[in-house]
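Next come the chains, spelled out residue by residue.
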Amino acid sequence: MTSESNETTEIEAAYRRLAAHTTGDDVPPGFKTVGADYENGARWRFDKSLTDLVPGGLSGRTILDFGAKYGHAAPLFIALGAKATIHIDAVDAYVETGRRFIGALYPQRTTFLRVDECRVDLRSASVDIILVNEVISHINPAYLDTFYAETSRLLAPGGYMLISDGNNWANAWVRSVLPELWDAWENGPKGRKTDRDVVSEPYIEQRRTIARNARPDLGEAAVERFARNTSGMFGDALLAALNDFADKGILTERPYRYGTVCTNPGPGGTVMERPFHPDDVVRALELHALEARQVWRQPHDPRSPLRRKLSAWKQFVLSGFKPPQGRTAGDDSMFQILARKP
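Residues numbered from 1 in each chain as written. Predicted model: local features only at pLDDT ≥ 70, side-chain atom pairs only at ≥ 80, totals over all residues. Heavy atoms only, no water.

Student: Outline the packing of aromatic side chains, listing residues and values.
Tutor: Inspection of the entire model under this criterion finds 10 aromatic pairs. On the numbers, 6.3 Å between centres and 80° between planes, the contact of Tyr143 with Phe234 is edge-to-face. Of the two residues, Tyr143 is situated in the loop between strand S4 (127–133) and helix H6 (144–154) and Phe234 in the loop between helix H9 (220–228) and helix H10 (235–248); the sequence distance between them amounts to 91 residues. The pair Tyr143 / Phe234 is uniform in exposure class, with both members buried. Taken together through their ring pairs, the aromatic side chains of Phe31, Tyr70, Tyr94 and Phe101 make up a single cluster. (Phe/Tyr/Trp six-rings, centres within 6.5 Å; stacked < 30°, edge-to-face > 60°. Helix = DSSP H or I, 4+ residues; strand = E, 2+ residues; numbered from the N terminus. Buried < 20%, exposed > 50% of the residue type's maximum accessible area, 1.4 Å probe, protein only.)

Here it is in structure tokens:
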């Protein structure tokens, strides 16, 4: 067997062990669903394709998974030789569940931490690699600068950060589908399908629920007015606006505008699929003393093969039947940015 085959066998065995360890009724359904995706290989193979972009690999290094959810990447990282893995998320339930089930399998090599507003309580220059996979598009813009500053602080000299996301604003297809997705998650209704998911509870309905629970003295007409005019607000600021409205009748109207990113009104204010132009991410990282560049992995396009062929033919015709002249930032719906700390 080749070394690659041995590596694959070891990774697969690690996820089988995790699956065997998490069969009880006390395991949350969400944890089992993500675990199944890793066990069948779909998720860990993608994660590995990202770590393969990091020079020098994981062997003997400490890796931090930023926005790790339950931390299902830990078995992969350890199988690839990571000395230690750190998994952080803003959701208590994810961190606690990950620590309980995955941390129990690797007690000496895993750490699970909850973060708030992107502040990470770890010492400076303490990690070698940071992976940010499908996370940056959910960080509230109010905390983005903190995210860049904290990740730069945490990296050891010579360390790398890999940011990967499927919301590349340089891509025409992404620009065409995201406005409808934002409208779906803001306005619903529940069960509305988007190009990639199904709305569980629209944000306007979440604001209604927050208003009803926090101020039961409000009538339904007032609840509706409040919910429709506080788009983009979240956490303590949303509650302060609610109290001003209920107690003083003061409400600055902030209705949702089609084509704008929508915001979860709960603590943390996570946003739904905020897009980035790769060049903007590179510039932001450079402003935080990191060397950054866009890197390419295998092209990823969620469209069907037929739609991709039709799109390619359309571009060929519009170009005057000229062959493509190499790749640009807009060729892929996904981008990867590799940053290094000098």
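Additional details are given in the paragraphs that follow.
Student: Outline the pairing of S4, listing residues and values.
Tutor: The element S4 is largely enclosed, with a buried count of 6 among its 7 residues. Where S4 meets strand S5 (residues 155–165), 6 bridges bridge the pair, whose relative direction is parallel. Looking at the pairing, Asn133 lines up with Ser164 of S5. Read from S4 through H6 to S5, the crossover connection turns out right-handed. (Pairing = 2+ DSSP bridges. Right-handed = clockwise from strand over helix to strand, strands pointing away.)

Student: Can you explain H10? Please cite residues and give values.
Tutor: Residues three or four positions apart in an α-helix share a direction because the helix packs 3.6 residues into each turn. With 14 residues, H10 extends 20 Å from end C-alpha to end C-alpha; this agrees with the ideal 20 Å at 1.5 Å per step. Considered for burial, the residues of H10 that qualify are Gly235, Leu238, Ala241, Leu242 and Phe245. Along the long axis of H10, the arc covered by the buried residues comes to 130°, so they all point the same way. Away from the buried face of H10 by more than 90 degrees, exposed residues Asp236, Asp247 and Lys248 are located. Count one or two residues on from H10 and you reach Gly249, which has phi positive near 75°. (Expected span 1.5 Å × (residues − 1). Arc of directions from axis to C-beta.)

Student: Kindly report on the sheet that holds S5, identifying the contributing residues and their values.
Tutor: The 7 strands are arranged S3-S2-S1-S4-S5-S7-S6 in an open sheet whose pairing can be described as mixed. Looking at the sheet topology across the chains shown, the edges are occupied by strand S3 (110–114) and strand S6 (291–295). The average undirected angle you get between the axes of adjacent strands in this sheet is 15°. Lying on the sheet, helix H3 (residues 42–51) is in contact with S4, S5 and strand S7 (335–340); it crosses S4 at an angle near 130°. Sheet contacts for H6: strand S1 (62–66), S4 and S5; angle to S5, the most-contacted strand, approximately 140°. (Axes fitted to C-alpha atoms, helices over the stretch in contact; angles between N-to-C directions. Contact = heavy atoms within 4.5 Å.)

These values are about where atoms sit, not about what they do.
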